Amino acid sequence: MDGNSLHSSHLRGGRIHHLPSHTNTLLKRLDRITALLGDDWRSADSALGLHLAVRLHQLRAVLDGPG
């Protein structure tokens, strides 16, 4: 799954309508995220912080350019 797969999925009403991954794979990935980030990663404050961190990482990659 590339870095934009989840971001480019169709999110409607809080549900993902298209995801190029099997449900069990997605659930295992969510479990792994919880193990790494803690149980509160889905809270509004944590989600905002994670969103901003990912976005800043993406912007830095663009500014730094290739290689």
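Remember, predicted model here, so these are calculated numbers, not experimental data. (Residues numbered from 1 in each chain as written. Predicted model: local features only at pLDDT ≥ 70, side-chain atom pairs only at ≥ 80, totals over all residues. Heavy atoms only, no water.)

**A look at the overall build of the chain**
Argument step 1. Check the secondary structure of the chain and you find two helices and two strands.
Argument step 2. The helix and strand sequence of the chain, counted from the amino end, reads β-β-α-α.
Argument step 3. Of all 67 residues assigned to the chain, the portion counted as buried reaches 6%.
Argument step 4. For the chain, the accessible surface area stands at approximately 6,000 Å², while carbon and sulfur atoms represent 58% of it. (Helix = DSSP H or I, 4+ residues; strand = E, 2+ residues; numbered from the N terminus. Buried < 20%, exposed > 50% of the residue type's maximum accessible area, 1.4 Å probe, protein only. Areas by Shrake-Rupley, 256 points an atom, 1.4 Å probe, with all protein chains shown as cover.)

**Thoughts on a nonpolar patch on the surface**
Argument step 1. Together, Ile33, Leu36, Leu37 and Leu50 make up a nonpolar patch on the protein surface, roughly 320 Å² of accessible area in all.
Argument step 2. At three residues, the largest contribution of residues to the nonpolar patch is made by helix H1 (residues 23-37).
Argument step 3. With respect to the helices, strands and loops of the structure, Leu36 is situated in helix H1.
Argument step 4. The class of Leu36 is exposed, set by a relative accessible area of 57%. (Patch = residues over 30% accessible without salt bridge, like charges linked within 9 Å, V, L, I, M, F, W, Y side chains within 5 Å. Salt bridge = Lys/Arg side-chain N within 4 Å of Asp/Glu carboxyl O.)

**Quick notes on helix H2 (residues 44-64)**
Argument step 1. For H2, with 21 residues, the first-to-last C-alpha span of 30 Å sits near the 30 Å given by 1.5 Å per residue.
Argument step 2. Looking one or two residues past H2, Gly65 carries a phi angle of roughly 75°, positive in sign. (Expected span 1.5 Å × (residues − 1).)

**Points about the pattern of salt bridges**
Argument step 1. Summed over all chains, the structure comprises one salt bridge.
Argument step 2. The closest approach of N and O atoms between Asp64 and Arg60, which form a salt bridge, is 3.4 Å. Of this pair, Asp64 and Arg60 both sit in helix H2, four residues apart, which is roughly one turn of the helix. Across this residue pair, the class does not change: Asp64 and Arg60 are exposed.

**Brief notes about the confidence of the model for the chain**
Argument step 1. When pLDDT is averaged along the chain, the result is 78; 69% of the residues meet or exceed 70.
Argument step 2. By mean pLDDT, the top-scoring element of the chain is H2 (91), and the lowest-scoring one is strand E1 (residues 11-12) (52).
Argument step 3. Here residues 1-10 is modelled with pLDDT under 50, and outside its nearest four sequence neighbours on either side it reaches 13 contacts, counting other chains as well. (pLDDT = per-residue confidence, 0-100. Contact = heavy atoms within 4.5 Å.)

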